[in-house]
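# Notes for the structure review
Residues per chain, in single letters:
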Amino acid sequence: MTELTELGVKAIRDGVAAGDFTAREVAEAFNAAVAGAGALNAFIVATPDKAIEAAERVDADRAAGRELGPMAGVPIGMKDLFATEGVQTTAASHILEGFVPRYESTVSQNLWNAGAGMLGKLNLDQFAMGSSNETSYFGNVVSPWRRKDGGNSPLAPGGSSGGSSAAVAARIAAAATGTDTGGSIRQPAAFTGICGIKPTYGRCSRWGVVAFASSLDQAGPMARDVADCAIMLGAMAGFDPKDSTSLDLPVPAWEAGLSDDLRGRKVGIPREYRMEGTDPEILDSWERGKQWLRDAGAEIVDISLPHTKYALPAYYIIAPAEASSNLARYDGVRYGLRELPADAAGKAAGLQDMYAATRAEGFGDEVKRRILIGTYVLSAGFYDAYYNQAQKIRTLIARDFERAWAECDVILAPTTPTASFPLGEKADDPLAMYLNDVFAVPASLAGLPAMSVPAMLNRDGLPLGLQLVGKPFDEQGVLNAGLAIERRAGFAAKPEKWW
Amino acid sequence: MSVDQTTVAKIASLARIKMSEDELARMAPELSQILDWVEQLGEVDTSEVEPMTAVIPNSLRLRADEVDADPLTGGNRRDDVLANAPAAEHGFFGVPKVIE
């Protein structure tokens, strides 16, 4: 029999329902895989008991003949940005170390209601700020992939959902939740040869998700293939009155709607994404992607998104501005760390000193950098020149996409400008790191559904991903184009186990 | 360089983050580099453009004007609210003395 950890969401759910194996067997297999993968540092805390409890409930339901949920028996990793009742939730920060929520986020609750079980809380870039998982207070996540030249330098699993991507690629979780503010699902998925979809803004509730940039933050699934993403997104999404920007729309039956027949569909190729200096292998994967979609019956059309080059700088005003406001809540009063330094005379700090010391001690460098940028661009005298201008450019970027939808149904582009890089390579150069998300950010600014699907391995034996961007609410169009690529790319590579 | 060390010190104080001189010296060129890079947004003529307020058109809902309309986010959860406070006392958040 295939090892149970080789199975994804659909295979586990269907196998449990058919009685091929029990949910408990699956949970035990994954718990053991998690326990054996400490070298990846993908989890901040493991919760094997939670996985077993959920599995036993599913097995009992099945024995009693009760209906099983769409994720029944599937053990998943939960990005440590989702509040989980009774289980430490840190956003990979020191300031939230030891924070144990008394409530459950809507998305995680939806997944438990659908029958999934929790293997643990996954590592990430601190407050989801980063593209390589090097900003976590709990250490770097190491990608399970290695270059085929035998070089063993640890590679970045991408970020911010780097624990999620590493865990799914390493087969220590059947799937994982991610969140995407400016590429944090798609870029790590591309780096590790898995699928990940960020739905339309508002599809998944933000309630109980540690806030980074609220106008951009969206949760989504990261899984081995497109069908698994469709199933898991269906379980995560849905209207939530507790999130003021939640979409009050029914959740489409994405799994049932999967089809790789793209006849009559038009796929747009944005000419501005062909940037100078892009890796030729990335361009090659893009060419193959076009051919695969043509083979699936789609018509390929050239389109223009003229404001593309301004998306990344606009993002690095808007996201830090929102972050500086959202992270003001970490003040050492209501939860998390408190630093109360005494002065030389032994006099205890006042309230203002406590705020400043707590935040100095509790936030990492990248988080501080973004809070300072955000504070600066929102400050009197600079608000119009920076923040307002960026929001106007955001309008123009969204308008570019609206115009493109007159000519195409879905857009195909690379997910990232390069494959994964060694940890440490870009850690000292914030701008070089930001450029990782140059292809991912425009869809985030426009709130559009977007997905990364593995396309091929590059010359170093590392995965490259292709990105599909859809119209608002058209996750189905994105998933179906992703499925067409998946079926034709035949990407079956996985990292060789070294951990 | 768009921000010097004095400016960074001012921003850090607004953001309530204590920073040493070393940190300020390190952060100033990094922030300047990022701010110089975002300056390019100034090239775009946006005189006729409204700033974005909602990425997906949506109307802001109000919850029902009822006490405890939602049991999870309604009232009577004092102990839960205080459970993670670093210094909860007598049913309140404890803070250092504010008035001398």
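Procedures and definitions
- Residues numbered from 1 in each chain as written.
- Chains lettered and ligands numbered in written order.
- Predicted model: local features only at pLDDT ≥ 70, side-chain atom pairs only at ≥ 80, totals over all residues.
- Heavy atoms only, no water.
- UniProt positions renumbered as here; feature names shortened; annotations may be inferred.
- Helix = DSSP H or I, 4+ residues; strand = E, 2+ residues; numbered from the N terminus.
- Pairing = 2+ DSSP bridges.
- Axes fitted to C-alpha atoms, helices over the stretch in contact; angles between N-to-C directions.
- Contact = heavy atoms within 4.5 Å.
- Buried area = accessible area lost by both parts, 1.4 Å probe.
- Salt bridge = Lys/Arg side-chain N within 4 Å of Asp/Glu carboxyl O.
- pLDDT = per-residue confidence, 0-100.
- Patch = residues over 30% accessible without salt bridge, like charges linked within 9 Å, V, L, I, M, F, W, Y side chains within 5 Å.
- Areas by Shrake-Rupley, 256 points an atom, 1.4 Å probe, with all protein chains shown as cover.
- Buried < 20%, exposed > 50% of the residue type's maximum accessible area, 1.4 Å probe, protein only.
- Polar contact = N/O pair within 3.5 Å; in protein donor to acceptor, adjacent residues only side chain to side chain.
- Core = buried A, V, L, I, M, F, W, Y, C linked by side-chain atoms within 4.5 Å.

The name that an unreviewed UniProt entry assigns to chain B is Aspartyl/glutamyl-tRNA(Asn/Gln) amidotransferase subunit C, with the source organism given as Pelagerythrobacter marinus. According to its UniProt record, chain B has this under Subunit (unreviewed entry): "Heterotrimer of A, B and C subunits."

As annotated in an unreviewed UniProt entry, chain A is Glutamyl-tRNA(Gln) amidotransferase subunit A from Pelagerythrobacter marinus. UniProt, in its Sequence similarities (unreviewed entry) section for chain A, records the words "Belongs to the amidase family. GatA subfamily." Taken from UniProt, the Catalytic activity (unreviewed entry) comment for chain A reads in full: "L-glutamyl-tRNA(Gln) + L-glutamine + ATP + H2O = L-glutaminyl-tRNA(Gln) + L-glutamate + ADP + phosphate + H(+)".

## Overview of the UniProt feature "domain: Amidase" (unreviewed entry) in chain A
Following the UniProt record, one finds the feature "domain: Amidase" (unreviewed entry) at residues 37-479 of chain A. Helix makes up 33% of residues 37-479 of chain A and strand 14%, and the two end C-alpha atoms of the span are 31 Å apart.

## What to know about the sheet that holds strand 2 (residues 75-79) of chain A
Residues and elements named next belong to chain A. Across the sheet, which stays open at both edges, the 11 strands sit in the order 1-3-2-4-6-5-10-11-9-7-8 with mixed pairing between neighbours. Edge positions in the sheet fall to strand 1 (43-46) and strand 8 (299-303), since each has one partner strand and no second. When the angles between neighbouring strand axes are averaged without regard to direction, this sheet yields 30°. The sheet strands contacting helix 4 (residues 106-113) are strand 2, strand 3 (117-122), strand 4 (175-180) and strand 6 (218-223), and the helix crosses strand 2 at an angle near 175°. Helix-sheet contacts for helix 8 (residues 280-295) involve strand 7 (266-270), strand 8, strand 9 (410-414), strand 10 (450-457) and strand 11 (463-470), and the interaxial angle to strand 11 is about 55°.

## Some thoughts on the interface of chain B and chain A
Chain B puts 55 residues into the contact, and the matching count from chain A is 75 residues. On the chain B side of the contact with chain A, Trp37, Leu41 and Met52 of chain B bury the most area, a combined 13% of that side's loss. Remark: the boundary between chain B and chain A carries five salt bridges. With a shortest N-O distance of 3.2 Å, Asp365 of chain A and Arg26 of chain B are connected by a salt bridge.

## As for the confidence of the model for chain B
Residue and element names in this part refer to chain B. Within chain B, residue pLDDT values average 91, and 98% of them lie at 70 or more. Per-element mean pLDDT across chain B ranges from 93 in helix 3 (residues 78-82) up to 97 in helix 1 (residues 5-14). For this predicted complex, the interface score ipTM comes out at 0.95, while the overall pTM is 0.97.

## Remarks on a nonpolar patch on the surface
On the surface, Val95, Val98 and Ile99 of chain B cluster together into a nonpolar patch covering about 300 Å² of accessible area. Within the secondary structure, Ile99 of chain B sits in the segment after strand 2 (92-93).

## Some remarks on the UniProt feature "active site" (unreviewed entry) in chain A
Residue and element names in this part refer to chain A. Following the UniProt record, one finds the feature "active site" (unreviewed entry) at Lys79, Ser160 and Ser184. In terms of the greatest pairwise C-alpha distance, the residues named above, spread along 106 residues, form a tight cluster of at most 11.4 Å across. Residue position: Ser160 is located in the loop between strand 3 and helix 5 (162-169). For Ser184, the position within the fold is in the loop between strand 4 and helix 6 (186-192). According to the relative accessible area criterion, Ser184 is buried, its value standing at 6%. Apart from residues no more than four positions distant in its own chain, Ser184 is found in contact with Lys79, Ala128, Gly130, Gly159, Ser160, Ser161 and Thr179. A polar contact of 2.9 Å, which involves the side chain of Ser184, links it to the side chain of Ser160.

## Remarks on the nonpolar core
Residues and elements named next belong to chain A. Of all hydrophobic cores here, the largest spans 185 residues; its most connected members are Met71, Ile76, Leu111, Phe127, Ile172, Leu293 and Phe401. When residues of this core are assigned to their parent elements, the largest contribution, 10 residues, is made by helix 9 (residues 311-326). If near-sequence neighbours (up to four positions away) are discounted, Ile76 is found in contact with Met71, Leu111, Trp112, Ala116, Gly117, Met118, Leu119, Gly120, Ala175 and Met232. The next biggest cluster of nonpolar side chains, apart from the first, holds six residues, and it includes Val142, Ala156, Phe421 and Met433.

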